[in-house]
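Results of the structural survey
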Amino acid sequence: MTTHSLASREQAIFITCLIILWYSTNIGVLLLNKFLLSNYGFAFPIFLTMCHMSACALLSYFSIMFLKLVQIQRIKSRSQFLKIATLSIVFCGSVVGGNISLKFLPVSFNQAVGATTPFFTALFAYIMTLKREAWVTYACLVPVVAGVVFASGGEPSFHLYGFIMCVSATAARAFKSVLQGVLLSNEGERLNSMNLMLYMSPIAVVVLLPVVLVMEPNVLSVVVSLGMEHKFMWPLLLINSAMAYGANLCNFLVTKHTSALTLQVLGNAKGAVAVVISILLFRNPVTFIGIAGYTMTVMGVVAYGESKRRCK
């Protein structure tokens, strides 16, 4: 075996392990969120989000300043800081909304709604930047939305408030990605995702703390009592928070070592894997209409990604 083929094989093994780790952290944090919010009486989705953001702040600082995973990028102006703060607040809204929806909806339906992100991304891109896609690309978004409509009608555990929060979280996630492109379009202000997380996370904690105190005032006493009653709750909460950072880190590394298109394809498959695992673990009832609707949405997302690639 030549040196070149050996290096290629090692690179392929490394990328495969990275993708497995990315799947594990993403699906793991999603399922643990659902488990904590539904099984332990841990009804504090905003506090859970604050735990995630605290872990991201601490671990981002450690990874960049001590492990030197990426080079530190400094904030250069007050204007840049305000842009990052705006992104942080929108990001907070998307994570909080997603966690609240998991309190009321099964993971399978949550993922079906989350798959409509490209629809909201295209919508916000057009509204904010007047960026137009080819008509074929927009046509691919029809089954994306139609699939969720079908899945909603066939979802036995449908909950209106949970659905509204899930749609809001999906829209906020798409809005954040478009807003990021608009606000940090200047070459001098652009940050890689690891440095952006380093600055966004502490801002998110500061924003979420007063919200927790107002909307979840008894969180500390309840969490302490639950931790004493269920000995695994605190370790699960710590693992869950660390996994939230791990998911962001793996997302960055997979993009760095593959491509954005590969990430999109893998993301579509990840959603399907998460749905199957959640159904097996939580045994939430599913219907043929629900499965057909989710399948339609995923196929629409795949077609959308392919049409964008061809148009480029």
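Everything numeric here is computed off the predicted structure, so don't read it as measured data.

**Some points on helix H6 (residues 135-153)**
The end-to-end C-alpha distance of H6, which contains 19 residues, comes to 28 Å, matching closely the 27 Å that a straight helix rising 1.5 Å per residue would cover. Among the residues of H6, Thr-137, Cys-140, Leu-141, Val-144, Gly-147, Val-148, Ala-151 and Ser-152 are the ones counted as buried. Angularly, the buried residues of H6 cover 135° about the axis, an arc narrow enough to put them on a single face. Exposed side of H6, more than 90 degrees from the buried face: Trp-135, Val-142, Val-149 and Gly-153 are the residues found there. Considering only its buried residues, H6 is in contact with helix H4 (107-114), helix H5 (117-129), helix H7 (160-183) and helix H12 (288-311).

**Quick notes on the pattern of salt bridges**
This structure, assessed with the given rule, holds 2 salt bridges. Residues Glu-189 and Lys-83 are paired through a salt bridge, measuring 2.8 Å at the closest nitrogen-oxygen approach. Of this pair, Glu-189 sits in the loop between H7 and helix H8 (193-215) while Lys-83 is found in helix H3 (residues 78-104), placing the two residues 106 residues apart along the sequence. In this structure, Arg-190 engages Glu-187 in a salt bridge whose closest nitrogen and oxygen atoms are separated by 2.9 Å.

**Points about the nonpolar core**
Ranked by size, the top nonpolar core spans 63 residues in total, and within it Leu-36, Phe-42 and Phe-47 carry the most contacts. At the level of elements, helix H1 (3-39), helix H2 (45-65), H3, H7, H8, helix H9 (219-229), helix H10 (233-257) and helix H11 (260-282) are the ones that each hand at least two residues to this core. With 11 residues, H1 is the single largest residue contributor to this core. Sequence-distant contacts of Leu-36, that is, excluding residues within four places in its chain, are made with Gly-41, Phe-42, Leu-48, Met-233, Leu-236, Leu-237 and Asn-240. Counting 11 residues, the second largest nonpolar core, distinct from the first, contains Phe-109, Ala-112, Val-148 and Val-298.

**Digging into the packing of aromatic side chains**
One pass over the structure, following the stated rule, counts 11 aromatic pairs. Taking 6.1 Å as the distance between ring centres and 70° as the angle between the ring planes, the aromatic pair formed by Tyr-61 and Phe-66 counts as edge-to-face. Considering the side-chain rings of Phe-109 and Phe-163, the 5.9 Å spacing of their centres and the 20° angle between planes classify their relative orientation as stacked. Here the residue Phe-109 occupies a position in helix H4, and Phe-163 occupies one in helix H7, the gap between them amounting to 54 residues. Comparing Phe-109 with Phe-163 shows no difference in burial state: the two are buried. Counting every residue linked through ring pairs, the aromatic cluster contains Phe-42, Phe-44 and Phe-47.

**A word on a nonpolar patch on the surface**
A contiguous nonpolar patch, built from Leu-123, Tyr-126, Ile-127, Met-128, Leu-130 and Val-182 and spanning about 520 Å² of accessible area, is present on the exposed surface. For the nonpolar patch, the element with the most residues is H5, which contributes 4 residues. On the secondary structure map, Leu-123 appears in helix H5.

Cut-offs and rules
- Residues numbered from 1 in each chain as written.
- Predicted model: local features only at pLDDT ≥ 70, side-chain atom pairs only at ≥ 80, totals over all residues.
- Heavy atoms only, no water.
- Helix = DSSP H or I, 4+ residues; strand = E, 2+ residues; numbered from the N terminus.
- Expected span 1.5 Å × (residues − 1).
- Buried < 20%, exposed > 50% of the residue type's maximum accessible area, 1.4 Å probe, protein only.
- Arc of directions from axis to C-beta.
- Contact = heavy atoms within 4.5 Å.
- Salt bridge = Lys/Arg side-chain N within 4 Å of Asp/Glu carboxyl O.
- Core = buried A, V, L, I, M, F, W, Y, C linked by side-chain atoms within 4.5 Å.
- Phe/Tyr/Trp six-rings, centres within 6.5 Å; stacked < 30°, edge-to-face > 60°.
- Patch = residues over 30% accessible without salt bridge, like charges linked within 9 Å, V, L, I, M, F, W, Y side chains within 5 Å.
- Areas by Shrake-Rupley, 256 points an atom, 1.4 Å probe, with all protein chains shown as cover.

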